Amino acid sequence: MDKSKKITLKIASSILILIAIIIAGFFVWYQYLNATHYLGHGSLHAEKVANIAIQKNDPTECSKIKVLFPIMEPSEEDVIQECYFRLAHILNDEKVCNYISGEAYKNSCIKDIGASTNDITSCERINDQLDKGSCYKTFTEQGTNMSVCENISSDSGTKFSGRDLCYIGAVQANHDISICTTKIKSEHYRNQCYKIVAMDTKNPLLCDKIQGQYMQYEVDDCKRYIRETSN
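### A look at the overall build of the protein
Along the protein, the regular secondary structure elements total 9 helices and 2 strands. Each of the 231 residues in the protein was classed as buried or not, and the buried ones make up 34%. By element, 55% of the accessible surface of the protein is carried by carbon and sulfur atoms, the whole surface being about 13700 Å².

### With respect to the side chain of K195
With respect to the helices, strands and loops of the structure, K195 is situated in helix α8 (residues 187-201). A polar contact is formed between the side chain of K195 and the side chain of E218, at a distance of 2.6 Å. If near-sequence neighbours (up to four positions away) are discounted, K195 is found in contact with I210, E218, D221 and C222.

### Thoughts on α8
Across its 15 residues, α8 extends 21 Å between first and last C-alpha, which sits within 8% of the 21 Å expected from 1.5 Å per residue. Here α8 has its buried residues at Y189, N191, C193, Y194, K195, I196, V197, A198 and M199. Positioned one or two residues after α8, K202 has a phi angle of 55°, which is positive.

### Details of the state of the cysteines
Note: disulfide means a covalent bond formed between the sulfur atoms of two cysteine side chains. Under the counting rule described, the total for this entry stands at 6 disulfides. One disulfide bridge connects C123 with C135, the sulfur atoms lying 2.1 Å from each other. Between C123 and C135 the disulfide shows an S-S torsion of about -80°. By sign, it is left-handed. Residue C123 is located in the loop between α4 (103-117) and α5 (129-140), and its partner C135 is located in helix α5; the two are separated by 12 residues in the primary sequence. According to the relative accessible area criterion, C123 is buried, its value standing at 0%. By relative accessible area, C135 is classed as buried at 0%. If one numbers only the bonded cysteines of the protein, in the order they occur, the disulfide pattern is 1-2, 3-4, 5-6, 7-8, 9-10, 11-12.

Definitions and limits used
- Residues numbered from 1 in each chain as written.
- Predicted model: local features only at pLDDT ≥ 70, side-chain atom pairs only at ≥ 80, totals over all residues.
- Heavy atoms only, no water.
- Helix = DSSP H or I, 4+ residues; strand = E, 2+ residues; numbered from the N terminus.
- Buried < 20%, exposed > 50% of the residue type's maximum accessible area, 1.4 Å probe, protein only.
- Areas by Shrake-Rupley, 256 points an atom, 1.4 Å probe, with all protein chains shown as cover.
- Polar contact = N/O pair within 3.5 Å; in protein donor to acceptor, adjacent residues only side chain to side chain.
- Contact = heavy atoms within 4.5 Å.
- Expected span 1.5 Å × (residues − 1).
- Disulfide = S-S within 2.5 Å.

Take a look at the structure:
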């Protein structure tokens, strides 16, 4: 065997040994992760780990989720957050919401648990004013006095106002059109207010009160709904 063939065989042998080491290392690493984490992905996996967390009475079990290949899948962090979200709903326990890092997801969790337990004070634990308005709306639309809307910071001038959203809930509950003019400040929610009262009371004249950039579309849609539901 000439010298070049010997060198080629040595290189090939070295490559094979290296591949074997890599495979063995991956196997050991995988076994370690499988023993210390919950390998998987997607919503079903989040729900599975949430149930394990219940059995162990430990919400931090969700943090042990490991997504090995997140390509075209929810990220590992998303699956972990969903696990906490599902756990909070299964237990009906707002404290679990505090494990959620994303503000919007956390606020949604607090709102849902507050509505489920009929605890309006949960809304005060939401910092974002629009999310807080959405939380209070779940109560005002069930008949809670709209004075609770005053607990939300006044952000008049903005298109999406948390306080105005809270008042929308009150309008849905009692169809009082005076709320549209005396309480709601933003054009977006005032138009929504007119539309709600018009459609619920089947009064097409109220549709004409809608203003703004998409006025004609909204007016036509409002009147069309009344015509179709009045027959």
